[in-house]
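Each chain is listed here by its residues.
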Amino acid sequence: MNQLDILIPFALPPAELARDLLRQCKAPALAMLLGRGKAAPVQAHDPFSRALPHEHWLARRFGLPRAEPDSSPAAAAALMRSLGHAPSAGQWFVLHPAHIHVARDHLVLTDVGQLALDEDQSRKLFASAESLFTEIGHDIVYGDARTWFLRADPWHGLRTSTPAAASGRNIDIWMPEGPGELAWRKLQNEVQMQWFSEALNEEREMRGLKAVNSMWLWGGADAATTVQSPYAASFGLDGWIRAFGPAGKAGAAEIAQGAGPCLLVLDALVELALAEEWGLWLQRMEELDREWLAPLLASLQGGAFEAVHLVLSGADRLAQVTATRGTLRKFWLKPSLSKLSA
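Remember, predicted model here, so these are calculated numbers, not experimental data. (Residues numbered from 1 in each chain as written. Predicted model: local features only at pLDDT ≥ 70, side-chain atom pairs only at ≥ 80, totals over all residues. Heavy atoms only, no water.)

1. A word on the environment of Gly208
Just so we agree on the cut-off: Under the DSSP-based scheme used, a helix requires at least four consecutive residues in state H or I and a strand at least two consecutive residues in state E, with every element numbered from the N terminus.
Looking at the secondary structure, you find Gly208 in the loop between helix H8 (199-206) and strand S9 (214-222). Sequence separation between Gly208 and Leu4 is 204 residues, and the spatial gap between their C-alpha atoms is 41 Å.

Quick look at the structure:
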């Protein structure tokens, strides 16, 4: 079946804002797909889960296990391979340079995607911290400017949280727990002290950028952990989900010409939702509708796809709607965005 799966993280706004946002939202293509598509039951999601609904969906879809029950997806080994490294053995974790700020009575993790950390700065920080890891017998590997990797075999079973799940929240309940917990906190504290005096952080703050003052650990996986793609092609795999394979850079028209099942990830709403910038979220949603969903709807109507399967998530729920050429002919069903508030 030539099906297109479209994943749109944070397309479901918070329940308390949904009515007002959706009343203002002008997204006719999405309204058509939702209004005439067949919806599956909405899946509720534990708001204190260590990964977000779309992250769990992706991990299940690609056969990626959780490292432990109530832990983040075991993404480290697969993500390493996507960045050109091939771990031969051991337990590996993803490391992100991060900014943690002090709120009134707790510490809060800033979305790691907002750091704007360039290659030169990242490599300087990596070099500064590397000896702290190697002195205690842990290998550390540079992936890219915002993604590093740590080998810590004794920490197998450590329960961790994805940075997106913890962003903007009190980090106490999202910190790693289990084997290696105390060792990690000690190491994290030593790195924080090392980076406190880094000149590049002073330079960043003078330019209005956040200091890189900590690290975030997650995604523990055995080196042998692999992913299995159900798709002939994938598009828009950015951030850690690049672990699921190479992503094409095609636009909507090119995707419609593809053969076999395809996955398209439209993640432009994530950063805005995590920052609670709902006015900008509204603008971005309308852009996604105009630039992506409208031409893909036309392709579905023209027979390029047999079905378009929408996977829409929020912070605590996930909705799935499937539209076919047949369901689009149900003219008595009005286009509607109401399923975004379900």
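2. Topic: the pattern of salt bridges
Rules: A pair is scored as a salt bridge if a Lys or Arg side-chain nitrogen falls within 4 Å of a carboxyl oxygen belonging to Asp or Glu. Per-residue accessibility, obtained with a 1.4 Å probe over protein chains only, is compared with the maximum for each type, and a residue is labelled buried under 20%, exposed over 50%, and partly exposed between these values.
A complete count under the given rule lists 13 salt bridges for this structure. Of the charged contacts in the structure, one is a salt bridge between Asp20 and Arg23, with a shortest N-O distance of 2.7 Å. Taken together, the residues Asp20 and Arg23, both in helix H1 (residues 15-24) and three residues apart, mark about one turn of the helix. Overall, Arg23 belongs to the exposed group, its relative accessible area being 55%. Measuring nitrogen to oxygen at the nearest pair gives 2.9 Å for the salt bridge that ties Arg242 to Asp144. Of this pair, Arg242 sits in the loop between strand S10 (233-235) and helix H9 (252-256) while Asp144 is found in strand S7 (residues 140-144), placing the two residues 98 residues apart along the sequence. Considered together, Arg242 and Asp144 belong to a single accessibility category, that of buried residues. Overlapping salt bridges, with partners in common, bring together Arg50, Asp70, Arg159 and Glu177 in one network.

3. Here's the deal with the pairing of strand S4 (residues 91-98)
Spelled out, the test is: A strand pair is defined by DSSP finding two or more bridges across the two strands.
The element S4 is extensively covered by neighbouring structure, given that eight of its eight residues are classed as buried. Relative to S9, S4 is paired through seven bridges, and the arrangement is antiparallel. Its bridge partner being in S9, Val94 is matched across the sheet by Trp218. Sheet topology places S4 next to strand S8 (residues 147-151); four bridges connect them, and they run antiparallel. For Val94, the partnering residue across the bridge sits in S8 and is Phe149.

4. A closer look at the packing of aromatic side chains
Counted only if it meets this: Two aromatic rings, drawn from Phe, Tyr or Trp (for Trp, its six-membered ring), form a pair once their centres lie within 6.5 Å of each other, and the interplanar angle then sorts them: stacked below 30 degrees, edge-to-face above 60, tilted otherwise.
In the structure shown here, the tally under the stated rule is 13 aromatic pairs. Their ring planes at 90° and their centres at 5.1 Å tell us that Phe126 and Trp148 sit as a pair that is edge-to-face. Within this pair, whereas Phe126 is found in helix H5 (residues 119-134), its partner Trp148 is found in strand S8, the two being separated by 22 residues in sequence. Across the pair, exposure class does not vary: Phe126 and Trp148 are buried alike. With relative accessibility at 0%, the residue Trp148 sits in the buried group. In textbook terms, an aromatic cluster arises when at least three aromatic residues are bridged by ring pairs, as seen for Phe62, Trp218, Tyr231, Trp240 and Phe244.

5. Let's talk about the sheet that holds S8
The strands making up a sheet associate through hydrogen bonds between their backbones, and the pairing can be parallel or antiparallel. Threshold: As a rule, the C-alpha atoms of each element are fitted with a line to give its axis, helices using only the stretch in contact, and angles between N-to-C directions run from 0 to 180 degrees. Contacts are assigned to residue pairs with any non-hydrogen atoms lying within 4.5 Å of each other.
Judged by pairing direction, the sheet is antiparallel, and its four strands sit side by side in the order S7-S8-S4-S9 without closing on themselves. The open sheet has two free edges, formed respectively by S7 and S9, since each of these has just one partner strand. Averaged over all neighbouring strand pairs, the angle between strand axes comes to 25°, with direction disregarded. Taken strand by strand, H5 contacts S4, S7, S8 and S9, and its axis lies near 170° from that of S7. Seen against the sheet, helix H7 (residues 181-196) touches S4, S8 and S9 and runs at an angle of roughly 140° to S9.

6. Section: H1
Put simply, the test is: Think of the arc as the fan of directions from the helix axis to the C-beta atoms.
Listed as buried for H1 are Ala18, Leu21 and Leu22. Considered in projection along H1, the buried side chains sweep an arc of 95° and stay on one side of the axis. In H1, those exposed residues whose orientation departs by more than 90 degrees from the buried face are Glu16, Arg19 and Arg23.

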